Amino acid sequence: MIKLNPDYSTTRLVTREKPVIEELPDATFKTVLFLPEGEERQGEGGLRTQGCFKRNLPDKPLITVITVVFNGAEHLEETILSVIDQTYDNVEYIIIDGGSTDGTLDIIRQYEHAVDYWVSEKDGGIYDAMNKGISLAFGKIIGLINSDDWYELSTLSEIANNNEVDKYIFHGDMNIYKDGEYYYTQIFPGRFNSIKKGMILSHPAMFVGRNVYKKYGCFDTSYRVAADWDLALRLYRAGCTFLYAKKIFSNFRIGGISYQVDFKSSLEKSAIRKNNNLFSYIDRYLLIDCIKISILGSNVSLFSLFKRKFSSRL
């Protein structure tokens, strides 16, 4: 192993040996070192392109972190620093850019000495970009942190404490920020059965074993808003083991597509419930959403304020 730079979590344990791609017999997708060139590619780079790689070690499982971004220059540097400044040593970092035009690429290139692989090209949306990143991951467990969000600096050390990280889905709590200020803390409610109502996990505070993705698949890109909930619901119904840590893992800025509350997103969530056989005739949660939207409008801040004032829980 080579130490390129002791300052970063992503450059303390590096090897010149290419990782061996070992697939499960029934794997739902293949792992690749580099993406084949896509539409309107603007560039690629990182440690992999320079012959530097990562591998899992007996006492330090490799953790892969993926950031997807499109025109996210305003906050991307904070996201990157929250990954490469982690206290944990064995970290693989992948950035998937959707073809930004706002200076995002300048920031990525500024830090590519601490990024394992990055690519900038047109994609099919946020979940397509996440699937690309997952196909590039060699870590035993995979986290997704978007360009508006950031980790607590000890988060990956907490995850790595488990010796069989590739078998589980880990999740923790998440601070919510609005207009640059702390808003409330999204805490896991502790009742997994309520996942049929909606996404009760904090996606940026969720880590999925690579072999779990391999066996059950990645994000369904036919869903534009709630594919993360669809994935969590599928894994839960498949009997996967979810491990909860009552700790703040990540920080989230309100404003992403997952916080849209309108008829279109409610219909998508209803389709997910239907496809997972959660109702036979009438989706009562869709009816409740429609009533809320009719009364409150598509204003998520009112709903968030209610959560903050009364329970700080989903």
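Residues numbered from 1 in each chain as written. Predicted model: local features only at pLDDT ≥ 70, side-chain atom pairs only at ≥ 80, totals over all residues. Heavy atoms only, no water.

Engineer: Give a description of the packing of aromatic side chains that names residues and reports values.
Structural biologist: Here the structure, examined in full by the defined rule, presents 13 aromatic pairs. Measuring from ring centre to ring centre gives 6.1 Å for Y177 and Y182, while their planes differ by 80°; the resulting arrangement is edge-to-face. Among the residues examined, Y182 registers a relative accessible area of 43% and is labelled partly exposed. With a centroid separation of 5.2 Å and an interplanar angle of 55°, the aromatic rings of F188 and F192 are classed as tilted. Like F192, F188 is buried. The positively charged end of K214 is found above the aromatic ring belonging to F29, 4.2 Å away from the centroid. (Phe/Tyr/Trp six-rings, centres within 6.5 Å; stacked < 30°, edge-to-face > 60°. Buried < 20%, exposed > 50% of the residue type's maximum accessible area, 1.4 Å probe, protein only. Lys NZ or Arg CZ within 6 Å of the ring centre and 35° of its normal.)

Engineer: Would you mind going over unusual backbone geometry in detail, with residue names and values included?
Structural biologist: The backbone of N71 shows a phi angle near 50°, a positive value even though the residue is not glycine. Of note, N71 is situated in the loop between β2 (63-69) and α1 (76-84). In the Ramachandran plot, D179 falls in the positive-phi region, its phi being about 55° despite a non-glycine side chain. (Helix = DSSP H or I, 4+ residues; strand = E, 2+ residues; numbered from the N terminus.)

Engineer: Provide a residue-level description of the layout of surface pockets, including the pertinent values.
Structural biologist: By volume, the second largest pocket amounts to about 360 Å³. Around the second largest pocket, the lining is made up of 16 residues, and of these V20, E22, N56, F138 and R210 lie nearest the centre. Grouping the constituent residues of the lining of the second largest pocket by class yields 5 nonpolar, 3 polar and 8 charged. (1 Å grid on protein atoms, 1.4 Å probe; cavity = no way out; pocket = protein on both sides within 12 Å on 5 of 7 lines; lining within 4 Å. Points joined across faces, edges and corners; volume = space filled by probe spheres on them. Nonpolar A, V, L, I, M, F, W, Y, C, P; charged D, E, K, R; others polar.)

Engineer: Outline the pairing of β2, listing residues and values.
Structural biologist: Consecutive residues of a regular strand have side chains that alternate between opposite faces of the sheet. The buried count for β2 comes to 7 of 7 residues, which makes it a mostly enclosed element. Judged by which residues are buried, β2 turns out to be covered on both faces: I63, V65, T67 and V69 on one side and T64, I66 and V68 on the other are all buried. Two elements, β2 and strand β3 (residues 91-97), share 7 bridges in a ladder whose sense is parallel. Across the sheet, the residue bridging to I63 is V91, located in β3. Between the parallel pair β2 and β3, the chain is carried across by α1, and the sense of this crossover is right-handed. (Pairing = 2+ DSSP bridges. Right-handed = clockwise from strand over helix to strand, strands pointing away.)

Engineer: An account of empty space enclosed by the protein is requested, with residue identities and associated values reported.
Structural biologist: Under the criterion given, the structure shown has 1 cavity of 30 Å³ or more. The space that makes up the largest cavity amounts to roughly 30 Å³. Split by residue class, the lining of the largest cavity holds 4 nonpolar, no polar and 4 charged.

Engineer: Account for the nonpolar core, naming residues and giving values.
Structural biologist: One finds I96, L201, Y213 and F219 to be the most contacted residues of the largest nonpolar core, which totals 40 residues. Of all elements in the fold, only β2, β3, β4 (117-120), α3 (126-135), β5 (141-144), β9 (206-209), α5 (210-216) and α6 (227-237) reach the threshold of two or more residues within this core. Looking at this core element by element, the count peaks at 6 residues for α6. In contact with L201, not counting residues within four places along its chain, are H171, Q186, F188, F192, M206, A232 and F242. Judged by nonpolar contacts, the second largest core, of 36 residues, contains Y8, V65, Y88 and Y183. (Core = buried A, V, L, I, M, F, W, Y, C linked by side-chain atoms within 4.5 Å. Contact = heavy atoms within 4.5 Å.)

Engineer: Describe the pattern of salt bridges, naming the residues involved and giving the relevant values.
Structural biologist: Close approach of charged atoms lets side chains of opposite charge pair. Going through the model one piece at a time under the given rule, you end up with 13 salt bridges. The partner of E17 in a salt bridge is R55, with the nearest N and O atoms 3.3 Å apart. Placement of E17 in the segment before β1 (43-45) and of R55 in the loop between β1 and β2 is noted, with a sequence separation of 38 residues between them. It is possible to trace a salt-bridge network through shared partners that takes in R41, E44, E121 and K132. (Salt bridge = Lys/Arg side-chain N within 4 Å of Asp/Glu carboxyl O.)

Engineer: If you had to explain the environment of A205 to someone new, which residues and values would you point to?
Structural biologist: Examined against the element boundaries, A205 turns out to sit in the loop between β8 (181-186) and β9. Ignoring sequence-local partners within four residues, the contact set of A205 consists of F170, H171, G172, D173, M174, F249 and S250.

Engineer: Go over the side chain of S250, please, and point to the residues and values.
Structural biologist: Along the chain, S250 falls in strand β10 (residues 241-253). Taking the relative accessible area as the measure of exposure, S250 reaches 0% and is therefore buried.

Engineer: Any chance you could break down α3 for me, citing the residues and the numbers?
Structural biologist: Of all 10 residues making up α3, 8 are buried, and the element is well covered by its neighbours. As for α3, its buried residues are in contact with β2, β3, β5, α5 and α6.

Engineer: Tell me about the confidence of the model for the chain, residues and numbers included.
Structural biologist: For the chain, mean pLDDT is 88; residues scoring 70 or higher make up 87% of the total. Here residues 299-314 is a poorly scored stretch, pLDDT under 50, and it has 35 contacts once near neighbours within four places are set aside; other chains count. (pLDDT = per-residue confidence, 0-100.)

Engineer: Can you tell me about the pairing of β4, naming the residues and giving the values?
Structural biologist: Here β4 shows two buried faces, one formed by Y117 and V119 and the other by W118 and S120. Pairing of β1 with β4, which is carried by 3 bridges, proceeds in the antiparallel orientation. Bridged to G45 within β4 is W118. Pairing of β3 with β4 involves 4 bridges; the strand directions are parallel. Across the sheet, D97 pairs through a bridge with S120, a residue of β4. With helix α2 (residues 104-110) bridging β3 and the parallel β4, this β-α-β connection has right-handed handedness.

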